[in-house]
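Chain by chain, the residues run as shown.
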Amino acid sequence: MPTDTHFFWGTIMSVKTKMAVTVALTLGCLHGANAETVLNVATAGDQNMVDYVKTWLGPKFEAAHPGVKVQVVGTGPGDAGSNKIIEKLTAQEQSGAKTWDIDVAVVHQAAGGQLVEKGLLENYRQAVKTGTMTTAENARNALGVNVDGYVMPMFLSQTAIAYNSDLINTPPKSYDELVQWSEKNPKAFGYNGIKNGMSGVSFVVGWMYAYGTPAERLTALPYDKGVEKAWGPAWAKLKEFNKNITFTPGNAGTLDMLSRGEITMGPVWVDMFYSWKDQGKLPPSIKLALIAPGMPGQPMYYVVPAKAAQAKLAQAFIELATSPEIQAEGIVKQFNWYPGIDAKYVKGALDDATWQKLFAEISPEALAENGKSFPIKPFFDDIKEGYESQVSN
């Protein structure tokens, strides 16, 4: 997402309670629309996710399917929004309802795995024509859970290192080179630690992939608490590294400090980076690099509940949403996200300027090699707890 809601931590309980009631009432009323046929879509994420379906994607589907009305409801940002969808589908399954209120859901990666584990999703991808257009690992593996066939990525939101090319001719290609550069340029690198934004969390996760345990192990089951016993040197190295850096206020704060020249390098969300560039809030000299062995990002998934009332229409909706033309115009051009389907299918539907903007600095090949998933939840929790106890203390 192109806002600081990449950071998923909780809010005041009374606010959460009010949101839960509002979402529950809204989800419960989905079938109340007056239309010949209603396709009910529930999406986690920011308001822009709702607006995308309501004002752009939905009307295109309705135009191709006369007599169908797409009704969309947002369940809120972050994991909490996805959890509302899990709770709704779980309740409907337990009620014994023959059909469920949601036909298409858009959820975060972790939620996709949970929904598969709970048996709440239809295995549909082989039934849509675009199903063969995604070969990414995140279309098969959701933080250790096999989701192959149950999900189609809507888009990929990726983190990378932004740097001022006026001051850095050759950016670091790896965490090792970044550490060396930081030693020679104290306080020029900035990130927000693990508070107030997931760009900083992503940088720390990438650090652990480099110096703790490889991504291949931390993103896959089985979980082993003993793995973290080998992380002591990585935490000590990070604590020493932090002595040479500048702490930023968050996702937007890192970009703001880059734009003002207060730092010359830092981790950012790629979509947020390009949105700021489009708005003239970043100078052209600020560019991107994705360093080895990699930094994490995450997809949002299109899923079809196991007892969706309009399962065939849901598949048709996802087929349209993941077509090269829609991925190019909606996902890439409107939101600066990486496409959910393989980039090679989208290239022909994009003008050269848009393709160059999105992929000139981080090529599809580099994205495939160094774009990683976040760890499975228990390893992820261990990393956050380790940072607090071993680095922040």
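Numbering of residues begins from 1 in every chain and follows the order in which that chain's sequence is written. At least 70 in pLDDT is required for a residue's local features to be given in this predicted model, at least 80 for side-chain atom pairs to be given and counted, and no such filter applies to totals for whole chains, interfaces and linings, which use all residues. Side-chain metrics rest on all non-hydrogen atoms present in the structure, leaving aside hydrogens and water.

**Comments concerning the overall build of the chain**
So, step 1. Starting at the N terminus, helices and strands are each numbered in turn, a helix being any DSSP run of H or I of at least four residues and a strand any DSSP run of E of at least two. Tallying secondary structure elements over the chain gives 16 helices and 13 strands in all.
So, step 2. Only C-alpha atoms enter the radius of gyration; for comparison, a globular chain is expected to reach 2.2 Å times N to the power 0.38, where N is the number of residues. Here the chain has a C-alpha radius of gyration of 21 Å; the compact-globule value for 393 residues is 21 Å, and the two agree.
So, step 3. Overall size of the chain, expressed as C-alpha extent along the three principal axes, is 65 × 50 × 40 Å.
So, step 4. The contact criterion used is simple: two residues touch if any of their non-hydrogen atoms lie within 4.5 Å. In the chain, the proportion of contacts linking residues at least 24 apart, taken out of those at least 6 apart, comes to 78%.
So, step 5. Surface accessibility in these figures is a Shrake-Rupley result with a 1.4 Å probe; residues are shielded only by whichever protein chains are displayed. Counting every atom, the chain has about 16100 Å² of accessible surface; 53% of that belongs to carbon and sulfur.
So, step 6. If you average the places of the 35 positive and of the 39 negative side-chain charges in the chain, the two averages end up 3 Å apart. Charge assignment in this entry is limited to Lys and Arg as positive and Asp and Glu as negative, and neither His nor the chain termini are counted. By convention, the point assigned to a charge is CZ for Arg, NZ for Lys, CD for Glu and CG for Asp.

**Here we look at the pattern of salt bridges**
So, step 1. We count a salt bridge whenever a side-chain nitrogen from Lys or Arg sits within 4 Å of a carboxyl oxygen from Asp or Glu. What the rule picks out here adds up to 16 salt bridges.
So, step 2. The salt bridge involving Glu-240 is made with Lys-243; its shortest N-O contact spans 3.1 Å.
So, step 3. Taking the relative accessible area as the measure of exposure, Lys-243 reaches 53% and is therefore exposed.
So, step 4. The salt bridge partner of Glu-262 is Arg-260, with a shortest N-O separation of 2.7 Å.
So, step 5. For every residue, the accessible area (1.4 Å probe, protein chains only) is compared with the maximum for its type, and the residue is labelled buried under 20%, exposed over 50%, or partly exposed between those bounds. Arg-260 sits in the partly exposed class, given a relative accessible area of 47%.
So, step 6. Overlapping salt bridges, with partners in common, bring together Lys-225, Glu-228 and Asp-382 in one network.

**Some thoughts on the packing of helix H8 (residues 232-242) against helix H16 (residues 377-391)**
So, step 1. Two elements in contact, H8 and H16, have axes separated by 10 Å at closest approach and are oriented at 60°. Relative to H16, H8 is oriented oblique. Every pair of crossing elements has a handedness; the one defined by H8 and H16 is right-handed. In this structure, H8 uses Trp-235, Leu-238, Lys-239 and Asn-242 to contact H16, whose residues at the interface are Ile-383, Gly-386, Tyr-387, Gln-390 and Val-391.
So, step 2. For this classification, Asp, Glu, Lys and Arg are treated as charged, while Ala, Val, Leu, Ile, Met, Phe, Trp, Tyr, Cys and Pro are nonpolar and the rest, including Gly, are polar. Of the residues in the contact of H8 with H16, the class split is 5 nonpolar, 3 polar and 1 charged. A fitted line through C-alpha atoms represents every axis, and for helices the fit uses only the stretch in contact; the resulting angles, taken between N-to-C directions, go from 0 to 180 degrees. Any angle that is under 35 degrees is reported as roughly parallel, and any over 145 degrees as roughly antiparallel; angles of 65 to 115 degrees are reported as roughly perpendicular and all others as oblique. By definition, turning the near helix anticlockwise from the far helix through less than a right angle yields a left-handed crossing, and turning it clockwise yields a right-handed one.

**Some details on the confidence of the model for the chain**
So, step 1. Note: pLDDT gives the predictor's confidence per residue, expressed from 0 to 100. Residues of the chain with pLDDT of at least 70 account for 91%, and the chain-wide mean is 90.
So, step 2. Note on residues 1-25: pLDDT under 50 across the span, and 47 contacts to partners over four residues away in sequence or across chains.

**Brief notes about the packing of aromatic side chains**
So, step 1. Between 30 and 60 degrees the pair is tilted, below 30 it is stacked and above 60 it is edge-to-face, where a pair is any two Phe, Tyr or Trp rings, Trp via its six-membered ring, whose centres lie within 6.5 Å. Tallied over the entire structure, the rule returns 25 aromatic pairs.
So, step 2. On the numbers, 5.5 Å between centres and 80° between planes, the contact of Tyr-52 with Phe-335 is edge-to-face. In this pair, Tyr-52 is assigned in helix H2 (residues 47-64) and Phe-335 in helix H12 (residues 324-335), connecting sequence segments 283 residues apart.
So, step 3. Owing to a relative accessible area of 2%, Tyr-52 belongs among the buried residues under this scheme.
So, step 4. Linked through ring pairs, Tyr-175, Phe-189, Tyr-191, Phe-203, Trp-207, Tyr-211, Phe-241 and Phe-247 together constitute an aromatic cluster.
So, step 5. By definition here, charges over rings are those cases where NZ of Lys or CZ of Arg is within 6 Å of the ring centre and within 35 degrees of the ring normal. It is Lys-384 that lies over the ring of Phe-380; its NZ or CZ is 4.4 Å from the centre.

**Things to note about the environment of Ala-220**
So, step 1. On the secondary structure map, Ala-220 appears in the loop between helix H7 (215-218) and H8.
So, step 2. Note on Ala-220: relative accessible area 22%, which makes it partly exposed.
So, step 3. Here the alpha-carbon distance between Ala-220 and Ile-326, two residues 106 residues apart in the chain, equals 32 Å.
So, step 4. Setting aside anything within four residues of it in sequence, one finds Ala-220 in contact with Gly-144, Ile-376 and Phe-379.

**Quick notes on the nonpolar core**
So, step 1. Buried Ala, Val, Leu, Ile, Met, Phe, Trp, Tyr and Cys residues form a nonpolar core when they are joined through side-chain atoms within 4.5 Å. Residues Tyr-52, Met-154, Phe-189, Trp-207, Tyr-302 and Phe-317 are the most contacted members of the largest nonpolar core, which totals 105 residues.
So, step 2. When residues in this core are grouped by element, the largest group, 9 residues, is from helix H6 (residues 198-211).
So, step 3. Not counting chain neighbours up to four residues away, the residues in contact with Phe-317 comprise Leu-39, Val-41, Val-53, Leu-57, Phe-61, Val-70, Val-104 and Tyr-302.

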